[in-house]
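A structural walkthrough
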Amino acid sequence: MVARLFWVLHGPNLNRLGLREPEIYGSTTLEEINRRLHAMALADGVELDCHQHNHEGGLVDLIHQAAARGVHGIVINPAAYTHTSIAMRDALAAVAIPFVEVHISNVHRREPFRHQSYFSDLAEAVICGLGPEGYEAGLKFLIRRGQKS
Ligand code: CA2
């Protein structure tokens, strides 16, 4: 049997994780987050690809590619595009791949402009404020969810 494929998409500036603003985003690097997620995927017998892009159009292209690859679920941190990107919202709606929206920080404790998301009402679940563990919780949820159906 072919293993189910999941994707993790990281939005703009998240390639700088662990290098700046550790008081908000912690000291774990993106590489370390992806390494933990790959270990979880291996243990759970699923395939995983992690992508990071700094540009809105590049992220839209990746969402389209996910559909073409037959991805079963996406864990996405759209970063600042959370609060601005109708293009990414439309792409996720169009491909209809179940996704979990993850934020490292608790956006609701922060500036009012971070309280608005263009993704949350389409998401299977929204996780914020758990730090890097939010990605693991999101991936675990999507893997288990697929096993039930
Ligand atoms: O809390 C999150 O995960 C956010 O999605 C992170 C975004 C922010 O715009 C959202 O409101 C909440 C920002 C990511 C920027 O990442 C950096 C990492 C290291 C240094 C500087 C920025």
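All of the points below concern the structure found in this document. The structure presented is a predicted model; accordingly, all values stated were derived computationally and were not measured.

1. Focus: the nonpolar core
Note that soluble globular proteins tend to have their nonpolar side chains buried in a common cluster. Grouped together as the largest cluster of nonpolar side chains are 21 residues, with contacts concentrated most on F6, L14, L37, L48, V75, Y135 and L139. Listed by contribution, the elements that provide at least two residues to this core are strand 1 (5-10), helix 2 (30-44), strand 4 (99-103) and helix 5 (133-148). Here the element with the most residues in this core is helix 2; it accounts for 5 residues. Residues within four places of L139 in sequence aside, it is in contact with F6, L37, M40, L48 and V75. By size, the runner-up hydrophobic cluster in this structure holds 20 residues, among which are V60, I63, M88 and L92.

2. Some remarks on the side chain of S117
Inspection of the secondary structure assignment puts S117 in the loop between strand 4 and strand 5 (125-128). Looking at S117, its side chain comes within polar contact range of the side chain of E101, at 3.0 Å. At a separation of 2.9 Å, a polar atom in the side chain of S117 contacts the main-chain amide nitrogen of F119. Dropping the residues within four chain positions of it, S117 is found in contact with T82 and E101.

3. Things to note about helix 3 (residues 56-69)
For helix 3, with 14 residues, the first-to-last C-alpha span of 20 Å sits near the 20 Å given by 1.5 Å per residue. Within the sequence span of helix 3, burial applies to G58, L59, V60, L62, I63 and A66. Elements in contact with the buried residues of helix 3: strand 1, strand 2 (47-52), strand 3 (73-77) and helix 4 (86-95).

4. Thoughts on the site of the ligand
Near the ligand lie 16 residues; those nearest to it are N77, H83, I104, S105 and R114. Within the side chain of N77, one N or O atom sits 2.9 Å away from an oxygen atom of the ligand. H83 places a polar side-chain atom, nitrogen or oxygen, 2.7 Å from an oxygen atom of the ligand. When the free accessible area of the ligand is taken as 510 Å², the share hidden by the protein chains comes to 93%. Each residue belonging to the shell around the ligand can be placed in one class, and the counts come to 7 nonpolar, 5 polar and 4 charged.

Each value, and the rule that gives it
Residues numbered from 1 in each chain as written. Predicted model: local features only at pLDDT ≥ 70, side-chain atom pairs only at ≥ 80, totals over all residues. Heavy atoms only, no water. Core = buried A, V, L, I, M, F, W, Y, C linked by side-chain atoms within 4.5 Å. Buried < 20%, exposed > 50% of the residue type's maximum accessible area, 1.4 Å probe, protein only. Helix = DSSP H or I, 4+ residues; strand = E, 2+ residues; numbered from the N terminus. Contact = heavy atoms within 4.5 Å. Polar contact = N/O pair within 3.5 Å; in protein donor to acceptor, adjacent residues only side chain to side chain. Expected span 1.5 Å × (residues − 1). Near = heavy atom within 4 Å. Areas by Shrake-Rupley, 256 points an atom, 1.4 Å probe, with all protein chains shown as cover. Nonpolar A, V, L, I, M, F, W, Y, C, P; charged D, E, K, R; others polar.

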